[in-house]
Amino acid sequence: MRPPGRQNTALSVLRIGFLGAVLVFVIFPLVWLAIASLKTRAAALAVPPTVIFTPDFAAYEKIVASGLLDAFLNSFTIAITNVLLSLLIGVPAAYALARMRGALQENLSFWVLSIRLAPLFAVILPLYVLFQQLGLLDTRLAVSLAHLTLTLPLSVWLLMTYFRAMPLDLDEAAMLDGAKPWQTLLMVIVPVARPMIASVAVIVFIFSWNEFLLAFFLTSRDAQTVPVVVAGLAGTMSFDWPLIAAISICSMIPALIFVGFAQRHIVEGLASGAVK
Amino acid sequence: MTLDWRFWFLIPMIMALATVILFPTAYLFWMSTQHWLVTDPDRYFAGLDNFLRLLGGSDFWQALRVTGAYLALSTILMLGLGMGLALTFARAGSGVMRAIVVMPLVIPPVVAGFTWRFLLNGEIGFIGAFLLPMTGLDVNLLAEPRAALVSVVIADVWSRTPFMFLIFLAALQSIPRDYYEAARMDGANPFHEFFFVTLPMLRGALFVAVLFRLVDAINTFELIFVMTRGGPGRATQILSIFGWRTAFQELDFGQAAALGVVMLAICLTAAMLVFRQFVKGDPGTTGT
Amino acid sequence: MKTTATLLTASAIALALPVAAYAQTEVNIVAFAPGFAWADMFGPSGTDKTDKLRAFEEANDIVVNIEFADEETARQKVLLDLVNKTGTYDLVMLGSDGAVQTFSYAGYLEPLDDLLPTATQYFDADAVYPQFLEANRVNDQLWALPYYSFGAGVIYRKDIFDRYGIAEFPATTAELEDALATIKAGLEADGVDDMFTLTMRGAPGEEPSLDLSGFVYAYAGYPAWFEGGATTPEAIREADAKPIFTGDFREGFETFVNWSREYGPDGIATHTWVDMMNLYGAGQAVVLMPSAINGFAALGGTEDENVAQHTAFAPSPAGPSGEPVQSFWTFSIGVSAYSDNKEEAFKTLAFLTGEQAMQGFAESIGWPYSTFPSITRGEVLTAKWPAEMLDQIEASYDQANPQYFPYIPELNAFMERIGTAASEAIAGSKTVDEALEELQAWAEDRMERAGYYE
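All of these numbers come straight from a predicted model, not from anything done at the bench.

Chemist: Quick question: what am I supposed to make of the overall build of chain C here?
Modeler: The helix and strand inventory of chain C stands at 21 helices and 11 strands. Over its C-alpha trace chain C gives a radius of gyration of 23 Å, about what one expects of a compact globule, namely 22 Å for 454 residues. Along the longest, intermediate and shortest principal axes, the C-alpha atoms of chain C span 75 × 60 × 55 Å. The proportion of buried residues among the 454 residues of chain C is 56%. Taking contacts inside chain C between residues at least 6 apart in sequence as the whole, the part at least 24 apart equals 74%.

Chemist: Please clarify how the overall build of chain B should be interpreted in this entry.
Modeler: Within chain B, the regular secondary structure consists of 13 helices and two strands. In terms of overall dimensions, chain B has a C-alpha envelope of 75 × 75 × 30 Å along the principal axes. Long-range pairs, those at least 24 residues apart, make up 68% of the contacts in chain B between residues at least 6 apart in sequence.

Chemist: Help me understand the environment of Ala203(C) in this model?
Modeler: Here Ala203(C) lies in the loop between strand 8 (196–199) and helix 9 (209–220). A tally of 29 C-beta atoms within 10 Å means that Ala203(C) is categorised as buried. Residues Ala203(C) and Ala427(C), spaced 224 residues apart in sequence, show a C-alpha to C-alpha distance of 9.7 Å. Contact partners of Ala203(C), with chain neighbours within four places excluded, come to Arg229(B), Gly231(B), Pro208(C), Thr270(C), His271(C), Thr272(C) and Ser423(C).

Chemist: In this structure, what is going on with the nonpolar core? I would like to understand it.
Modeler: Counting 341 residues, the largest nonpolar core has Ala94(A), Leu159(A), Phe163(A), Leu218(A), Ile167(B) and Phe168(B) as the members making the most contacts within it. Per-element accounting of this core gives the leading share, 18 residues, to helix 7 (residues 145–173) of chain B. With near-sequence residues (within four places) excluded, Leu218(A) lies in contact with Tyr128(A), Phe131(A), Leu137(A), Ala142(A), Val143(A) and Ala146(A).

Chemist: Would you mind going over helix 1 (residues 9–36) of chain A with me for this structure?
Modeler: Helical periodicity: at 3.6 residues per turn, an α-helix aligns residues three or four positions apart in one direction. Counted at 1.5 Å a residue, the expected span for helix 1 of chain A with its 28 residues is 40 Å, and the 40 Å between its end C-alpha atoms agrees. Residue Ile27(A) marks the point of greatest curvature in helix 1 of chain A, where the axis turns by about 35°; the proline Pro29(A) follows within four residues.

Chemist: What's the story with the sheet that holds strand 10 (residues 311–314) of chain C in this structure? I'm lost.
Modeler: The strands making up a sheet associate through hydrogen bonds between their backbones, and the pairing can be parallel or antiparallel. Residue and element names in this part refer to chain C. In spatial order, the strands read 8-9-7-10; together these four strands make up an open sheet with mixed pairing. Every interior strand has two partners, whereas the edge strands, strand 8 and strand 10, have only one. Between one strand axis and the next, the sheet turns through 25° on average, direction left out of account. Note: strand 7 (residues 154–157) against strand 10, four bridges, orientation antiparallel. Pairing of Ile-155 across the sheet is with Phe-313, part of strand 10.

Chemist: Mind showing me how you'd approach the interface of chain B and chain A here?
Modeler: It is common to report an interface's size as the accessible area lost on association of the parts. Taken residue by residue, the interface counts 81 residues in chain B and 84 residues in chain A. Among the elements that line the side of chain B that touches chain A, the one with the most residues is helix 1 (residues 5–32) of chain B, at 15 residues. Residues that form the side of chain B that touches chain A fall into these classes: 61 nonpolar, 15 polar and five charged.

Chemist: Sorry, what's going on with the interface of chain C and chain B here?
Modeler: Contacts between the two partners involve 32 residues from chain C and, on the opposite side, 26 residues from chain B. Elements supplying a minimum of two residues to the side of chain C that touches chain B: helix 4 (71–83), helix 5 (99–105) and helix 20 (411–427) of chain C. Considering each element in turn, the side of chain C that touches chain B owes the most residues, eight residues, to helix 20 of chain C.

Chemist: Would you explain the domain arrangement of chain C in this entry?
Modeler: Residue and element names in this part refer to chain C. One can read the domain layout of chain C as domain 1 (21–143 + 329–394) and domain 2 (154–327 + 403–449). The partner domain 2 presents 14 residues to the 15 residues of domain 1 that form the contact. Of all the secondary-structure elements, those providing two or more residues to the side of domain 1 that touches domain 2 are helix 5 and helix 19 (387–399). Here the side of domain 1 that touches domain 2 is built from residues that sort into 10 nonpolar, four polar and one charged.

Chemist: Would you mind going over the sheet that holds strand 2 (residues 62–69) of chain C with me for this structure?
Modeler: Residues and elements named next belong to chain C. Taken together, five strands build an open sheet; the order of strands is 2-1-3-11-6 and the sheet is mixed. The two strands at the open ends of the sheet, each matched to only one other strand, are strand 2 and strand 6 (145–150). Across the sheet, the mean angle separating the axes of adjacent strands is 15° when strand polarity is ignored. Judged from the eight bridges that link them, strand 1 (residues 25–32) and strand 2 form a sheet pairing that is parallel. Each residue of the ladder has a partner; that of Glu-26, found in strand 2, is Val-63.

Chemist: Is there a simple way to explain unusual backbone geometry in this structure?
Modeler: Leaving glycine out, the prevailing phi sign among residues is negative, and the prevailing peptide bond configuration is trans. Gly231(B) connects to Pro232(B) through a cis peptide bond whose omega is 0°. Structurally, Pro232(B) can be placed in the loop between helix 11 (222–228) and helix 12 (239–249). A cis amide bond links Met289(C) with the next residue in sequence, Pro290(C), at an omega value of -10°. Inspection of the secondary structure puts Pro290(C) in the loop between strand 9 (285–288) and helix 13 (293–301). Positioned with a positive phi, Asp138(A) is a non-glycine residue whose angle comes to about 60°. Along the chain, the position of Asp138(A) falls in the loop between helix 6 (120–133) and helix 7 (140–165). Here Leu251(B), not a glycine, exhibits a phi torsion of approximately 60°, which is positive. Overall, the presence of 25 C-beta atoms within 10 Å leaves Leu251(B) in the buried class.

Chemist: Any chance you could explain the packing of helix 20 of chain C against helix 21 (residues 432–449) of chain C here in plain terms?
Modeler: Angle between the axes and distance between the axes are the two parameters that describe a pair of packed helices. Residues and elements named next belong to chain C. Interhelical geometry of helix 20 versus helix 21 gives an angle of 165° and a closest axis separation of 9 Å. Comparing their axes, helix 21 and helix 20 come out roughly antiparallel. The way helix 20 lies across helix 21 gives a crossing that is right-handed. In contact with Ala-413, Phe-414, Arg-417, Ile-418, Ala-421, Glu-424 and Ala-425 of helix 20, helix 21 contributes Val-432, Ala-435, Leu-436, Glu-438, Leu-439, Trp-442, Ala-443 and Arg-446. Residues belonging to the contact of helix 20 with helix 21 are distributed by class as follows: 11 nonpolar, no polar and four charged.

Rules of the game
- Residues numbered from 1 in each chain as written.
- Chains lettered and ligands numbered in written order.
- Predicted model: local features only at pLDDT ≥ 70, side-chain atom pairs only at ≥ 80, totals over all residues.
- Helix = DSSP H or I, 4+ residues; strand = E, 2+ residues; numbered from the N terminus.
- Rg over C-alpha atoms; globule rule 2.2 N^0.38 Å.
- Buried ≥ 20, exposed ≤ 12 C-beta atoms within 10 Å, placed from the backbone.
- Contact = placed C-beta atoms within 7 Å.
- Core = buried A, V, L, I, M, F, W, Y, C linked by C-beta atoms within 7 Å.
- Expected span 1.5 Å × (residues − 1).
- Bend = angle between axes of the 7 residues up to and from the residue.
- Pairing = 2+ DSSP bridges.
- Axes fitted to C-alpha atoms, helices over the stretch in contact; angles between N-to-C directions.
- Nonpolar A, V, L, I, M, F, W, Y, C, P; charged D, E, K, R; others polar.
- Domains from an automatic or database assignment.
- Parallel < 35°, antiparallel > 145°, perpendicular 65-115°, else oblique.
- Left-handed = near helix turned anticlockwise from the far one by under 90°.

Given below as structure tokens:
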């Protein structure tokens with residue numbers, strides 16, 4: 001795959017330049033935010049920017065008092081619940097779809113995919129009514145369930161394409177040994193598909209973690225997620241940029257840790273099926 | 001014959017999706033036929049009135065134009081950037097660099113919006129108030145209509161490109177190496193390789209990427225809202241913000257629902273076209 | 001593996017289940033500005049109850065639960081709660097610029113007139129500036145009680161005015177325009193490029209509409225939204241009064257837009273009140289108007305010495321009609337029609353908006369605005385502010401016409417549209433006339449649809 005070096009000096013320079021530019025584009029806002037979070041309000045707004053300043057941790061102290069820590073717990077619980085539900089429901093469904101053929105399969109899988117296309121603002125009111133009837137408003141469960149609208153079709157679609165690429169001999173051998181379909185799925189398919197399932201789990205987690213609109217409308221006090229709290233704090237009495245910056249930085253940390261080791265899984269999982 | 005096992009495997013999914021989606025969608029269709037103004041105690045059947053009003057007014061078309069421009073601009077940039085990154089990382093770049101490039105993926109869009117607003121703001125932003133004036137350009141990035149659209153696109157590209165990148169990287173890694181070797185034997189240069197080997201092999205990935213982009217763009221809300229509130233004026237008011245304003249500010253639920261139905265129709269059509277183009281045309285790309 | 005997964009799911013779902021509610025009369029409130037509103041009740045974080053609040057809770061066997069959100073968010077929560085008749089919130093944040101009118105007409109609120117006598121120990125309606133109650137009166141009934149509230153006024157930088165030879169703050173809009181031009185030219189000549197002459201707000205949505213309506217009132221001399229200045233649904237129906245956004249509304253609208261473009265910051269077309277406050281607080285603006293309260297908010301948070309030392313207050317200038325530019329608003333709270341405990345809710349409301357609470361607000365925030373004359377004239381505020389200024393502020397209440405815009409159910413939608421039209425005109429994507437024509441067409445359609453002209 002690696003082409004011989006001679007004709008490619010220009011290309012390598014281009015590549016390094018491009019990569020450097022992208023890295024700056026990605027990192028700079030975050031670094032700037034991190035710096036701003038340590039400034040006083042006046043210093044954060046100064047133009048030209050103050051370069052030398054004594055770090056001020058007031059913003060972070062405010063955060064500890066603001067209930068953002070609860071929001072982390074909420075976001076995390078919601079995302080994990082959502083991952084488990086997506087997989088528990090999605091894996092068998094994707095397997096069934098993968099082992100179907102013809103028009104029914106095609107229509108069904110397109111239907112699953114198209115469900116993702118409903119504009120969120122328009123389904124909020126009915127979802128609100130639904131969860132109100134179920135008595136689930138402002139619970140983590142409600143948000144987890146609502147996030148299924150986004151994540152279940154996604155995981156079914158990704159897993160389906162993956163399962164379809166798996167050789168049929170595996171199932172057939174198991175079936176010949178007298179295994180029931182669910183046994184085949186659990187004993188044969190799932191172990192083989194573990195990297196892909198891990199990758200879907202990571203993607204689903206990220207979607208749920210980032211989602212704002214549904215979480216915003218369905219929660220009020222007890223179940224607010226990180227993006228909802230961030231949005232709420234940012235708009236209050238004064239636009240306290242250091243505080244917003246500090247909140248933003250904090251809101252990234254858990255997810256960054258998570259993605260640090262999980263991003264490899266995403267690529268591996270996607271590579272082993274979904275986009276082939 | 002009793003019901004096939006596949007049926008039982010599908011039932012939980014169908015039930016789950018029916019609850020969280022079919023019911024709301026049915027409700028949406030019903031709402032779209034109602035004269036339902038929160039300010040008006042009378043709620044009654046209005047037939048297609050909401051649709052006629054929506055399509056007959058200028059707001060919808062304005063929002064559609066903005067959405068189109070926003071979608072096109074951001075998609076081109078994201079695909080280009082994502083593809084460029086994937087090609088680069090297939091040959092160079094360390095795991096640490098890759099982790100850095102992927103970082104924005106886990107940053108909630110609402111945070112991304114604030115971050116960029118902070119940078120681009122024309123009075124206090126490092127880019128908007130310091131770097132840009134030094135270059136002699138006198139434009140307020142968030143308050144000049146065209147610049148504002150570009151600004152929200154930049155923030156969106158920053159926030160969502162990593163996902164494109166990962167999709168493409170995954171796809172690149174799954175292209176068998178002998179394809180390249182064969183091409184090289186035929187005397188192909190890197191550009192030939194890209195256009196005749198890589199690109200055709202990326203069709204499936206492109207499909208997934210474009211589809212994700214479509215869904216993402218349709219539901220983009222908070223990123224734009226925190227940056228410009230859809231302004232100045234309506235310059236960055238994409239359909240989702242227009243819908244939100246109609247429903248929750250102007251309190252016209254019927255009209256908002258009609259917009260929801262129209263958006264759903266547009267998206268379905270678009271998805272079907274993409275689906276045809278990429279999947280049906282070439283069965284090999286779905287992995288079968 | 002399956003068992004583990006099941007266990008995990010079960011525990012995750014268990015974690016996600018709601019916390020069981022306890023049995024006592026609970027009053028749930030949604031409001032904005034934690035640590036600012038009722039800082040003396042809920043502490044600086046907005047979540048700790050102070051002894052003051054606990055005393056109230058114990059005396060009345062009520063548990064007060066407050067949920068703070070940002071202003072926009074809080075409005076959405078209230079709306080969803082009321083529209084769906086959920087009754088989650090017993091007390092809802094309203095504001096006298098749309099929500100009080102819209103929700104009272106829709107039947108979502110409990111009228112308060114009969115409840116007033118039940119909690120006079122906390123809230124004495126006769127002790128309040130009548131205009132702040134008037135602002136929350138729709139269709140001859142009272143729907144909400146005012147918390148912090150304000151009238152029109154100007155906050156400006158005396159040092160800059162002095163520097164360019166303007167000794168007195170102008171009393172009319174025409175003179176003010178001259179002054180703004182002088183200052184702008186002066187700043188330019190002196191090479192000051194990080195200071196704007198005027199800061200107002202021009203973000204799309206309802207943000208600019210309150211102040212803009214104040215300009216319209218000052219230029220037309222009446223609430224020039226509908227023919228004949230009709231301000232109630234009955235009056236509009238009776239006179240068959242059509243919208244006049246391309247008529248008498250125009251001059252005030254145009255002035256607001258032109259001043260924003262000419263003297264405002266470059267980003268004004270996306271600025272909310274927070275931006276205008278920040279700009280003033282950072283010493284980047286000379287004049288903030290016409291809702292001076294935002295100027296006082298800026299003073300509270302400023303780290304700029306010049307701003308702190310050289311800020312002065314002036315009454316809102318009079319327009320060509322002789323009426324001053326208006327800006328009058330109450331952060332008001334009402335009782336949900338779907339509350340199960342309306343009496344307890346009202347008692348809590350009376351406590352939270354009563355003299356004791358407003359005294360706490362004066363002590364912790366210290367703005368020269370209060371809903372009670374006794375507090376404006378009380379020790380805390382007279383010690384902090386010059387007597388002349390407090391006189392001027394009281395005078396601004398007397399000059400205020402709380403109904404300087406129509407009190408119609410559609411007010412929310414109109415505020416939204418007017419603000420967006422202004423934002424478009426300020427950004428230059430439409431001319432004033434184009435924006436107003438579009439507004440006019442929309443307004444005619446909306447009124448028609450609501451059945452006004454049958």
